[in-house]
Amino acid sequence: MSAHAANHDYHLVDPSPWPIVGSIGAFLLAVGAVAYMTAGGLFAEGPLAFFYGDGVEGDARGTSMGMMIGFAIVIWTMFGWWGDMIKESNAGLHTPVVDLGMRYGMILFIASEVMFFVAWFWSFFEYAIFHEVRLDPGMAMFPPTGVETFDPWHIPLMNTLVLLLSGTTVTWAHHALQHDDRKGAKLGLLVTVILGVCFTALQGVEYAEAGFEFALADGGNIYGSTFYMATGFHGAHVIIGTIFLFICLLRLQFGGMSAKKHFGLEAAAWYWHFVDVVWLFLFSFVYVIYQG
Amino acid sequence: MSADSATHDDHTPSLWDWKRWVYSTNHKDIGTMYLIFAIFAGVIGGAMSGMIRLELAEPGLQVFNDSFKLFGMLEMGDSHNYNVMVTMHGLIMIFFMVMPAMIGGFGNWFVPLQIGAPDMAFPRMNNISFWLLPAAFGLAFMSMFVGGPAGGEGFGGGWVLYPPLSGLTGHPGPAMDLLILSLHLAGISSILGAINFITTIFNMRAPGMTMHKMPLFVWSILVTVFLLLLSLPVLAGALTMLLTDRNFGTSFFEPAGGGDPIMFQHLFWFFGHPEVYILILPGFGIISHIVSTFSKKPVFGYLGMAYAMVSIGVIGFLVWAHHMYTVGMPVDLKAYFVAATMVIAVPTGIKIFSWIATMWGGSITYRTPMMWAIGFIFLFTVGGVTGVVLANAGVDAALHDTYYVVAHFHYVLSLGAVFAIFAGWYFWFEKIFGVKYNSLLARLQFLFFFVGANVIFFPQHFLGLNGMQRRVPDYADGFANWNEISSWGYAIMGVGMIIFFLILIEAMMSRRKGEANPWGEGATTLEWTLSSPPPFHQFSTLPKIK
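Residues numbered from 1 in each chain as written. Chains lettered and ligands numbered in written order. Predicted model: local features only at pLDDT ≥ 70, side-chain atom pairs only at ≥ 80, totals over all residues. Heavy atoms only, no water.

## Topic: the nonpolar core
Step number 1: In this structure, B:Phe96, B:Phe106 and B:Phe376 are the most contacted members of the largest nonpolar core, which totals 269 residues.
Step number 2: It is helix 4 (residues 79-115) of chain B that contributes the most residues to this core, 23 residues altogether.
Step number 3: Both domain 1 (1-93) and domain 2 (95-289) of chain A contribute no fewer than three residues apiece to this core.
Step number 4: Dropping the residues within four chain positions of it, B:Phe376 is found in contact with B:Ile280, B:Phe284, B:Ile287, B:Trp355, B:Thr381, B:Gly416, B:Ala417, B:Phe419 and B:Ala420. (Core = buried A, V, L, I, M, F, W, Y, C linked by side-chain atoms within 4.5 Å. Buried < 20%, exposed > 50% of the residue type's maximum accessible area, 1.4 Å probe, protein only. Helix = DSSP H or I, 4+ residues; strand = E, 2+ residues; numbered from the N terminus. Domains from an automatic or database assignment. Contact = heavy atoms within 4.5 Å.)

## Observations regarding the interface of chain B and chain A
Step number 1: Each partner contributes residues to the interface: chain B has 72 residues there, and chain A has 66 residues.
Step number 2: Each partner contributes to the roughly 6,100 Å² buried at the junction of chain B and chain A, and carbon and sulfur atoms together form 72% of this total.
Step number 3: Inspection of the chain B/chain A interface yields 1 salt bridge.
Step number 4: A salt bridge links B:Arg124 to A:Glu88, with the nearest nitrogen and oxygen atoms 2.9 Å apart.
Step number 5: Listing elements by their share of the side of chain B that touches chain A, those giving two or more residues are helix 1 (3-10), helix 5 (123-143), helix 6 (175-203), helix 7 (216-247) and helix 8 (261-295) of chain B. (Buried area = accessible area lost by both parts, 1.4 Å probe. Salt bridge = Lys/Arg side-chain N within 4 Å of Asp/Glu carboxyl O.)

## What about the environment of B:Ser182?
All names here are of chain B.
Step number 1: Following the sequence through the fold, Ser 182 ends up in helix 6.
Step number 2: Between the C-alpha atom of Ser 182 and that of Met 102, which follows or precedes it by 80 residues, the distance is 20 Å.
Step number 3: For Ser 182, the contacting residues outside a window of four places in its chain are Phe 96, Ala 136, Leu 139 and Ala 140.

## Structural notes on the pattern of salt bridges
All names here are of chain B.
Step number 1: Counted by the stated rule, this structure contains 11 salt bridges over all chains.
Step number 2: Its salt-bridge partner being Arg 20, residue Asp 29 comes within 2.7 Å of it at the nearest N-O pair.
Step number 3: Judged by relative accessible area, Asp 29 falls into the buried class, the value being 4%.
Step number 4: With a relative accessible area of 13%, Arg 20 lands in the buried category.
Step number 5: Where Glu 515 meets Lys 436, a salt bridge forms, and the shortest distance between an N and an O atom there is 2.7 Å. Remark: Lys 436 occurs in the loop between helix 13 (403-433) and helix 14 (439-465) and Glu 515 occurs in the segment after helix 15 (480-510); sequence separation between them is 79 residues.

## Quick word on unusual backbone geometry
Of all residues except glycine, most have a negative phi; of all peptide bonds, most are trans.
Step number 1: In this chain, A:Phe142 is followed by A:Pro143 through a cis amide linkage whose omega measures 0°.
Step number 2: By the element assignment, A:Pro143 lies in the loop between helix 3 (96-129) and helix 4 (155-178).
Step number 3: For the bond running from B:Ser532 to B:Pro533, omega is -10°, close enough to zero to count as cis.
Step number 4: With respect to the helices, strands and loops of the structure, B:Pro533 is situated in the segment after helix 15.
Step number 5: You will see that B:Lys296, though not glycine, has its phi angle at about 50°, which is positive.
Step number 6: Position of B:Lys296 relative to the elements: it lies in the loop between helix 8 and helix 9 (302-315).

## Some words on the domain arrangement of chain A
Residue and element names in this part refer to chain A.
Step number 1: When the domains of chain A are assigned, the result is domain 1 (1-93) and domain 2 (95-289).
Step number 2: For domain 1 versus domain 2, the distance between C-alpha centres works out to 25 Å.
Step number 3: Here domain 1 packs against domain 2, burying approximately 560 Å² in sum over the two surfaces, 70% of which is carbon and sulfur.
Step number 4: Linking domain 1 with domain 2 are 0 salt bridges, by the criterion used here.
Step number 5: In this structure, the connection of domain 1 to domain 2 is made through 2 residue pairs in polar contact (both at pLDDT 80 or more).
Step number 6: A class-by-class count of the residues in the side of domain 1 that touches domain 2 yields 4 nonpolar, 3 polar and 1 charged. (Polar contact = N/O pair within 3.5 Å; in protein donor to acceptor, adjacent residues only side chain to side chain. Nonpolar A, V, L, I, M, F, W, Y, C, P; charged D, E, K, R; others polar.)

## As for the environment of B:Ala135
Step number 1: Tracing the backbone through its elements, the reader meets B:Ala135 in helix 5.
Step number 2: Residues B:Ala135 and B:Leu229, spaced 94 residues apart in sequence, show a C-alpha to C-alpha distance of 20 Å.
Step number 3: Excluding its chain neighbours within four sequence positions, the residues that come into contact with B:Ala135 are A:Ser23, A:Phe27 and B:Leu185.

## Here we look at helix 4 of chain B
Residue and element names in this part refer to chain B.
Step number 1: When the terminal C-alpha atoms of helix 4 are compared, their 50 Å separation across 37 residues agrees well with the 54 Å that a helix rising 1.5 Å per residue should span.
Step number 2: The largest bend along helix 4 measures about 50° and falls at Pro 100.
Step number 3: Most of helix 4 is tucked away, with 35 of its 37 residues classed as buried. (Expected span 1.5 Å × (residues − 1). Bend = angle between axes of the 7 residues up to and from the residue.)

## A look at the packing of helix 8 of chain B against helix 13 of chain B
Residues and elements named next belong to chain B.
Step number 1: The N-to-C vectors of helix 8 and helix 13 enclose an angle of 50°; their axes lie 9 Å apart at closest approach. If you check the angle between helix 8 and helix 13, you find them oblique. Our pair here, helix 8 against helix 13, has a crossing hand that is left-handed. Seen from helix 8, the contacting residues are Leu 279, Ile 280, Gly 283, Ile 286, Ile 287, His 289, Ile 290, Thr 293 and Phe 294; seen from helix 13, they are Val 412, Leu 413, Gly 416, Ala 417, Ala 420, Ala 423, Gly 424, Phe 427 and Trp 428.
Step number 2: Here the contact of helix 8 with helix 13 is built from residues that sort into 13 nonpolar, 5 polar and no charged. (Axes fitted to C-alpha atoms, helices over the stretch in contact; angles between N-to-C directions. Parallel < 35°, antiparallel > 145°, perpendicular 65-115°, else oblique. Left-handed = near helix turned anticlockwise from the far one by under 90°.)

Structure representation (C-alpha cells):
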C-alpha cells in the first residue's frame, strides 16, 4: 500500500478492455442484423459485399454471418466482464457499500425493463380497448374476427403455476444458501431451472398450436402482433433468467458464493420474480380478460 | 485492496497511453472523451444545419438539386437529401451532441466531484456507456449512404420517425433499419449511464451530504437520468415494433392488420417529451451554479429549485400528446393535455424567477460564464413563452409543423441547452483542462453566438406565424426576406464557432496554468477545493460536509 492508498471502501475498477470489445460486438451485431433482415439490401456491392445474402437474388434473408460474429463477441464480453467481476469479488473488493451499489443497479435495471414491457402492454391495451374505431370491420372487435384465442385454463394456467412454483423454489435455494446449506441451494436452483425450461417448452407447444398467425402476409393481424411480441419478449426474459439462474448453479457447484456473499444469486432471484410478475399481468389481461 | 490496484492509484498515466482512454475506468477521462465526442458530433450536426440554411437562403432548389456540387465536388442530390439532412441534424444534435455533452461530459466530470466521491459507482460500465455512442453514431452515419426510399438513400422522415414514412411504404431500404438499431444502441448507452448516475448519487455522497445539501447540478442530473431510465425503454419498445413491422410482418402500425400509426406517435412522445427535458434539465443545474457563483450569493430558494426540477420531471411524463394535437384526438383529451402542459410553466417559472432573485442584490461580476448564463436565461425565457403559446390545442392547430415550432424548440435547445453547455464549458474549462482560456475571445464568441442565434431563429417565428411549413426545402416567394436574414444569422454563428476553435488552440498553445478556484468566494462546491486539473483519483480521504 502506498501513501496515496485510498482511505475509503469504494471500488476503483482497473482499466478494462470489455467495454470497447462489447461495443464493437454490438456494432457488428447491428450491421449484421440489418444485412440479414434486408437480404442484401445493405452492401449489395462494394468491399463489404460479403454481407450480401447467400447469393440468391430475392432471398427473404441475407447471410447471418455478421450477426453471428457480433453476437459471439457480445457473449465473449459477457463472460470476460462478469468473470472479472467474480474475480474482483473473490479478491474482497466488493465491500458492503459496493455491494449496496450493485443492489441499486439491479433494481434500476429491472425498473427500466418494467418500462420496456409498458410499451408492449400499452400497445395491447390500445388495440384491446379502443378497437371500435378501427377502419376494417373485422378489426372492430377484440380479439378481431377469426382469431381463435387460447383457453386460459389449460396451458396458460399450467404455465402460471409453473412460474409461481419456480418463484418458491428460488426462495428455497436462497434461504438454504443463507443457512450455508449448499446442497439444498443447489437442489432448489436445479428445480427452478428445470421449471424455467418447462415454462419455455410449454410456451413453445402453445405457439405451435396457436389459432392465429404472426405475420400479416400469413393472414395475421394486430392480435398476433401484440400477443406474440408481448409473450415472446416475456419468453426471452424467461430464457435469460433461466440462464442467469443456471450460471448461479454452476458457481455454487464450483465452490463460488457463500452464506454471506451471494448477490449474484439474489439478483437472479429478483430478475426471476420480475419475469414472474410480468407473466401474471400477461395471464390476467392477454389470456383471461381479453379471451375470445 | 490488491497490490495491483494500489499501484494504479499512485500515478497519472501518460496522456499518450491509448489504453488510458480506450480501456478507461476513470470518470474524468470518460467525461473528457464524451466532451470531445460531443464537439465532433456537433460539428457534423452543425454542418448539416449549414446545408439546410444554404438551401433555404432563397426560394427554389439551389443546393439539393441534381446539378449543384458543394465546393465543386460534393453532390447534394435531390430534395429527399434535404430531408435526410433535417432528420440527421435533429438526431445528431439530440443524441450525439447535447446528451453526451451535458450528461456524459459534465455529468461524468462533476457529479462525483460535487458529491465528494472518488469515481462513479460502476466505472467500467461508465466506459461502455461511452463506447456504445461511437457505435451508434457509426450506424446512423452509415444509414445516410444506404438505400432509403425507392431510388434514394438515407432516412428523410424527421427525427420523430413516424410511420408510415418510416415503414416499408415510405422507406423500404435498410437505412431506416440501421437508424433504428443506432437508436437502440444509443438508448442502451443512456440507460446504463442512468443506472450509473442514480447509484452514484444515492450511494456515494460524502459523509454529511444529505440529499437536501446536494449541489443543484447533481439534482438536475439525478432528475434527468430518472427520466432517461423510465422513458427510453418505451422508445425501445416502439422502435422494436417498427423494426418487426418492417422486417417480420407484424401489424403494430399497419392499418391493413388493424394497427394504427398514431400508436407509434403516442409511444414515441411518451419518450420524446421527457427527452426534451433531459436535454434542458442539466442546463438548469449548470446555470444555477454559475448565477450563484458570480452573484456571490447562494441560490435563492435552493429547495424550491430542486423540487421544481423534480416536478418538471414528473409532470413531463404526463403531457406527451401535446405534440399530437392535430391527429384528431377528442376535445376532452386535448383539454387535459393543454391544462397539464400549462402546469409545467409553474415550476419553470420558479426556476427563472429564482435565478433572477439570486442575482438581485448580489455582487455580480460579468465573467465569461456569467454572460452565457444570463444569455441562457433570456433566450430560454423566450422559448418558454412561445411554448406556452403552442401548448394551446386551438392555437397549435394553426401553428403545428410550422417554423413557429422550429423557432420555439431552437430557442429552448439551440439557444437554451447549447448556451448552457457553453456556460458550463467556460465555467469548468480550467478545472477540466488545467489551463486558462482567453476570456476576451470567449466573450467574443458569446457575442457572435448571441447575435447569430437570434438572427437565425427570431425571424422563424414570423415565418411560422405566416404559415411556412417545416421540413420542406422550397417555399413561397413571400417568405424570402426573413429566410435570407435567418441564413445570414447562420454565418454569424459560424464565425462564433470558428472563434470557439481558436480559443481551444490558443489555450492549448499558451498553457497558462489553471488555478484551483479561479472564481473566488462565490464558488462553493467541492470541485473547487481540488487542483485544476484534479488528481487522477480524487478524495482518497472523503471530504466531510458540515
